[in-house]
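Architecture and fold: a report
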Amino acid sequence: MDTIPPDPQESSQDLLRHFIEEISGELQLEPLLTRIVEYACRLIGADDGTIGLYNWHRGVIRTAAVYRMPEGELGAEMGPGVGLAGHVLQTGEPLQARYGDIARITLPELADNQVIGMPIHRKGELTGFFGIGVAPPKQLPEGALQTLELFARHAGIAIENARRYERARRRTARFELVARVAQIINAGSDLKLMLQQTADAIHDVLEFPNVDIPLLDPDDPEVLVVEIRGGGYKQQIQGVDRLPISVGVMGAAIRQRRAQRVDNARVDDRYITPPSTQGSRAELAVPILVAGQAVGVVNVEGEQPYDELDQLTIEIIADHLGIAIQNAGLHEQNREAAVWQERMRLRRELHDSVTQILSSISLLAQALPSAWRSSPEEGERRAQRLAELAQTAFAEMRALLRELQPPNQNSSHISRRSRSFLGLERLRDGGLGAALPRLLEAMIPESLGRRYRFDLYVPQHLPHEEALYRVCQEAVSNVIRHSGAQQVNVEAHVDQTHVWLLVRDDGGGLPADAQGGIGLKSMRERLARLGGDLALRAAQPSGLEVLARLPRRDRRLESP
């Protein structure tokens, strides 16, 4: 049998010292392991070898690097008593033997090889293992076992240092990821864009090969919609996938509302190979929870198993996304509520201003022919009133249309809501006592008697006067259209704490089965927003009284 001769250029001790120096300076675990197994083979002139790390959680040795070994060995796992690694795991001792003489070998085609299985210990604990071999007719050199045993001691130190560095680097990367995701969320971007940026960040910072962030279909909560992807899957998979939550690892995360970790997808029947890919060996799926309910998943896949630190990190990201999704939902609800409130406000303004004026125009127009027949002068006077009401309605409508335009920096300091009707300037300059009679004279037909009283009234805060102006407009319009009254009285006054507006008619009063419409609701809402209220009561001997009350807030009229 041939024996591999030593390197004539370098003694075995020099080579060992050189290799120890080389691995001592390497802090990246993956290249370190590759170097260790290569140097172990070169140290004694072996043909091939593997190095594995011990997983104490699962009690197996997993091949982490190979040198000239058959394809498929990388990532293989051996338990106690399985092959060379399993023998070392079981006994804790080095072994030099013919490979075929070892129990339960996994590579029978190498049965005639001479092999050495060497445990790697650090501080009395098993860290890993490397196994090397030579094919016949070669033989392992004398003293190979002792040389590799010395090398293994230094390899254990190097592996521990690399793992410390790796743990520190991983912690730093995870802090960086959490900070980046928080920045993405705080930027307030569109939800879909936020999720995509998060998936990209997970891939870029943690270097996880594949990332999915599916959400439940809001119209079918039994289905996950996979649209957001990062890493390899982002490039390999086109389009949107729909996965029922009744299957798959992600489905299990949704159903159970807890993280699912798969170390070996080949033996887990829940694993679903993504379309257009070869799939992955390991998967970690963490549910995104909102108020205790799962709404989506942060899912990562790769070839290396994920550990507790990976799971904790993805759980933190999922918690952040849950809050962001909840806030996005609340924002959308608030936006819809704001739109609805604005629609209701415009509806109220149209009803309280333009509709009431158009009603007066309609009544005046119906009486215009008989007025012309009775007296051309009366007809002309009513036509002028008709034109004035039309101009008022036009001004009201134009003001409301302006409110639908985006605001600009040149807008008046007066609020858009306060600008919304023509009577504002009259209210501001002369108060309610000056503005209301002018409005009512244009609205009330000649056949209806009227009386105004404002001698006990003090001008109030402008929003209060606007509310009273609109309440009076609605109440008088109702008198004109529905009451059959001959007389309407309008008065306003203040006491120590409140301002009062009274509209009284002598018509038929409020029917017993009457239901409040838009107008009555609008009056109540206007007053309630300012801390006031509205009362309807029968007038004596007939008719109806509409009584509005607001807290008193005096103001001085603006100087002309």
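Residues numbered from 1 in each chain as written. Predicted model: local features only at pLDDT ≥ 70, side-chain atom pairs only at ≥ 80, totals over all residues. Heavy atoms only, no water.

Under the annotation held in an unreviewed UniProt entry, the protein carries the name GAF domain-containing sensor histidine kinase and is attributed to Pseudomarimonas arenosa.

**Looking at the sheet that holds strand β21 (residues 544-551)**
With mixed pairing, five strands are arranged side by side in an open sheet as β17-β18-β19-β21-β20. Edge positions in the open sheet fall to β17 (449-453) and β20 (533-538), since each of these has one partner strand only. Each strand axis lies, on average, 10° off the axis of its neighbour in the sheet, ignoring direction. Relative to strand β19 (residues 498-505), strand β18 (residues 487-494) is paired through seven bridges, and the arrangement is antiparallel. (Pairing = 2+ DSSP bridges. Helix = DSSP H or I, 4+ residues; strand = E, 2+ residues; numbered from the N terminus. Axes fitted to C-alpha atoms, helices over the stretch in contact; angles between N-to-C directions.)

**A word on the pairing of strand β7 (residues 125-134)**
Within β7, eight of the 10 residues are buried, which leaves the element mostly enclosed by the surrounding structure. Here strand β6 (residues 114-122) folds back onto β7 in antiparallel fashion, the turn holding two residues, of which lysine 123 has a positive phi close to 55°. (Buried < 20%, exposed > 50% of the residue type's maximum accessible area, 1.4 Å probe, protein only.)

**A short note on helix α1 (residues 12-24)**
Taking 1.5 Å as the rise per residue, α1 with 13 residues should run 18 Å; its terminal C-alpha atoms sit 18 Å apart, in good agreement. Within the span of α1, buried status applies to Leu15, Leu16, Phe19, Ile20 and Ile23. In an axial view of α1, the angular spread of the buried residues amounts to 135°, which keeps them on one side of the axis. Turned more than 90 degrees off the buried face of α1, the exposed positions are Gln13 and Glu21. Contacts from the buried residues of α1 go to α2 (29-44) and α4 (144-186). (Expected span 1.5 Å × (residues − 1). Arc of directions from axis to C-beta. Contact = heavy atoms within 4.5 Å.)

**Considerations on the packing of α1 against α4**
With their axes 10 Å apart at the nearest point, α1 and α4 run at an angle of 15° to one another. For the element pair α1 / α4, the angle class is roughly parallel. The element α1 and its partner α4 pack so that their crossing is right-handed. In this structure, α1 contributes Ser12, Leu16, Phe19, Ile20 and Ile23 to the contact, and α4 contributes Thr147, Leu150, Phe151, His154, Ala155 and Ala158. (Parallel < 35°, antiparallel > 145°, perpendicular 65-115°, else oblique. Left-handed = near helix turned anticlockwise from the far one by under 90°.)

**Quick word on the pattern of salt bridges**
The tally for this structure, following the rule as stated, stands at 31 salt bridges. As a salt-bridge pair, arginine 169 and glutamate 166 come within 3.1 Å of each other at their nearest N and O atoms. Residue arginine 169 and its partner glutamate 166 are located together in helix α4, separated by three residues, close to a single helical turn. Glutamate 465 is the partner of arginine 555 in a salt bridge, and the nearest nitrogen-oxygen pair spans 2.8 Å. Pair noted here: arginine 555 is in the segment after β21 and glutamate 465 is in helix α12 (residues 462-483), with a separation of 90 residues, a long-range link. Looking at arginine 555, the relative accessible area reads 19%, which means it is buried. When salt bridges with common partners are traced through the structure, they connect Arg122, Lys123, Glu160 and Arg164 into a single cluster. (Salt bridge = Lys/Arg side-chain N within 4 Å of Asp/Glu carboxyl O.)

**What about the sheet that holds strand β2 (residues 48-55)?**
The strand order across the open sheet built from six strands is β4-β3-β2-β7-β6-β5, with neighbouring strands paired in antiparallel fashion. Lying at the two open borders of the sheet, with one neighbouring strand each, are β4 (77-78) and β5 (95-98). With two bridges joining them, strand β3 (residues 60-67) and β4 adopt antiparallel strand pairing. Across the sheet, isoleucine 61 pairs through a bridge with methionine 78, a residue of β4. The strands touched by α2 are β2, β3, β6 and β7; relative to β2, the strand with the most contacts, the crossing angle is about 135°. Running over the sheet, α4 touches β2, β5, β6 and β7 and is turned about 40° from β6.

**Brief notes about the packing of aromatic side chains**
Taken as a whole, this structure holds three aromatic pairs when the rule is applied. Each ring, one from phenylalanine 208 and one from tyrosine 306, has its centre 5.1 Å from the other, and the planes form 80°; the classification is edge-to-face. Residue phenylalanine 208 is located in the loop between α5 (191-206) and β9 (210-212), and its partner tyrosine 306 is located in the loop between β16 (293-302) and α8 (308-374); the two are separated by 98 residues in the primary sequence. Like phenylalanine 208, the residue tyrosine 306 is buried in the burial classification. (Phe/Tyr/Trp six-rings, centres within 6.5 Å; stacked < 30°, edge-to-face > 60°.)

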